[in-house]
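So you can see what is in the structure, the chains are spelled out below.
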Amino acid sequence: HVSMAEEGPKRKRDRGREATFPAYRLRRRSEFLPGRSNIYVLDTAPCPSDGEELIALAGSNNCINIYERDTLQPINTIGSDCHGAEGTITGLQFADHALWSACTDGMIRSWDLRKSNKKAVCILQGHNKEPFNCIAANPSSKLLAGGTDKIGEDASIYIWDLRTGRAPVTQFTESHSDDITQVKFSPRTPNYLASGSTDGLVCLFDLSLMEEEESLMSVKNSESSVAIVGFYGPHSEHVYCLTHQESIHLWDLSEVEPIATQSDIRGDMADKFGVWVDYLINCHYQKSSDKLYLVAGDHRNAATWIDYRGTHSH
């Protein structure tokens, strides 16, 4: 299912430390494939606010569904026959007036949603056709990044400049020693890229310099396999990391030591706030209030938004 929620009144609980949970109510729901409950949504991508209010979702059936963002009315479908029989879609991004998808078949494809033939208008590949685990795009800089599995000795981050053609402009192979799980551009500084890996490291690059050694600004160590990374703060001056062990880590971009680390978020939420969570989903930074919300879920299909006060513990 694809669901949309809207914010309602806030409620607060105080057990030694205040936590604020925005209360949400279900606004819209749409089935990815009506009548098929065994299809999982693997990734979502909202279209940037450029007049098209769209959201794209990748399913475990290797299809991409496009919806009108406010109503969740289906608009378009890119079928599995367009991707081929091999591989799984691992990431979606809107960039350069197109939708881009990464796949474990070693291809990153571009889709022009204005056309009806549903054929990829551009296909990007790494030098060794490595499987892609993640994708990120920064429309303002026209840069696209893809992270790969470790093949042989190398796990690669490829960078493309969408203005110059289909060949990658650079390839980073030295910064990570295992599968790349996340790449994410800074929303404030177009050339800044964060990457995460199962090697436990979060790397920060300045892509105004394309040589890996010169581009690498700093390395953070979560000491656990990295699941999600992202930027937050008024100037995107901080980075967060969620791990596959359900821990959270916050850093300032310029510092090695973390602002905050919480390794047992599940136990802490139950002990301090009486809220049980089974897994972490993501973080959401609300610029208007300068708050970082941690989004968590449980096995009863309930989601909790936690005002994570580690944001300003420094």
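Residues numbered from 1 in each chain as written. Predicted model: local features only at pLDDT ≥ 70, side-chain atom pairs only at ≥ 80, totals over all residues. Heavy atoms only, no water.

**Student:** Looking at this model, I keep getting lost on the packing of aromatic side chains. Mind explaining?
**Tutor:** Between two aromatic rings, the relevant description is the distance of the centres plus the angle of the planes. Under the counting rule described, the total for this entry stands at seven aromatic pairs. Note on F132 and Y158: the rings are 6.2 Å apart at their centroids and 65 degrees apart in plane angle, and the pair reads as edge-to-face. A residue pair is termed long-range when its members are at least 10 positions apart, and F132 in strand β11 (residues 132-138) and Y158 in strand β13 (residues 154-161) qualify at 26 residues. This pair shows no difference in class: F132 is buried, exactly as Y158 is. Linked through ring pairs, F132, Y158 and W160 together constitute an aromatic cluster. (Phe/Tyr/Trp six-rings, centres within 6.5 Å; stacked < 30°, edge-to-face > 60°. Helix = DSSP H or I, 4+ residues; strand = E, 2+ residues; numbered from the N terminus. Buried < 20%, exposed > 50% of the residue type's maximum accessible area, 1.4 Å probe, protein only.)

**Student:** Explain the pairing of strand β24 (residues 291-297) to me, please; I cannot follow it from the model alone.
**Tutor:** Regular strands have side chains that alternate between both faces of the sheet. Across the seven residues that make up β24, a large majority, six, are buried. The sheet contact formed by strand β23 (residues 279-286) and β24 spans seven bridges and is antiparallel. By the bridge assignment, H284 is partnered in β24 with Y293. The hairpin turn running from β23 into β24, its antiparallel successor, is four residues long, and D290 in that turn takes a positive phi close to 55 degrees. The sheet contact formed by β24 and strand β25 (residues 303-307) spans five bridges and is antiparallel. When the sheet's bridge partners are listed, G297 is paired in β25 with A303. Between β24 and β25, which pair antiparallel in sequence order, lie five residues; one of them, N301, sits at a positive phi of approximately 70 degrees. (Pairing = 2+ DSSP bridges.)

**Student:** Sorry if this is basic, but what is going on with the sheet that holds β25 here?
**Tutor:** By definition, the strands of a sheet pair up through backbone hydrogen bonds, in either a parallel or an antiparallel sense. Spatial strand order, β23-β24-β25: three strands in an open sheet with antiparallel pairing. Two strands close off the open sheet at either side, each with one partner strand: β23 and β25. Put simply, the sheet's adjacent strands are angled 25 degrees from each other on average, direction ignored. (Axes fitted to C-alpha atoms, helices over the stretch in contact; angles between N-to-C directions.)

**Student:** What should I look at first to understand the pattern of salt bridges in this one?
**Tutor:** Pairing between side chains becomes possible if they bear opposite charge and their charged atoms approach one another. In this structure the tally under the stated criterion is five salt bridges. When the shortest N-O distance is used, the salt bridge between R109 and D105 registers 2.8 Å. Across this residue pair, the class does not change: R109 and D105 are buried. We note a salt bridge from D161 to R163, for which the minimum N-O separation is 2.9 Å. (Salt bridge = Lys/Arg side-chain N within 4 Å of Asp/Glu carboxyl O.)

**Student:** Help me out: how do you make sense of the pairing of strand β21 (residues 248-252) in this one?
**Tutor:** The buried fraction of β21 is high, at five of five residues. Along β21, one buried face is formed by I248, L250 and D252 and the opposite face, lined by H249 and W251, is buried too. Where strand β20 (residues 238-243) lies against β21, five bridges are found, and the strand directions are antiparallel. Its bridge partner being in β21, V239 is matched across the sheet by W251. In this structure, β21 lies alongside strand β22 (residues 260-262), joined through three bridges in antiparallel fashion. If you follow I248 over to β22, its bridge partner there is Q262.

**Student:** Would you take a moment to explain unusual backbone geometry for this structure?
**Tutor:** With the exception of glycine, the majority of residues adopt a negative phi angle, and the majority of peptide bonds are in the trans configuration. With a phi close to 50 degrees, S236 is a non-glycine residue in the positive phi region. Here the phi dihedral of D290 falls at roughly 55 degrees; this positive angle occurs in a residue that is not glycine. Here D290 is to be found in the loop between β23 and β24.

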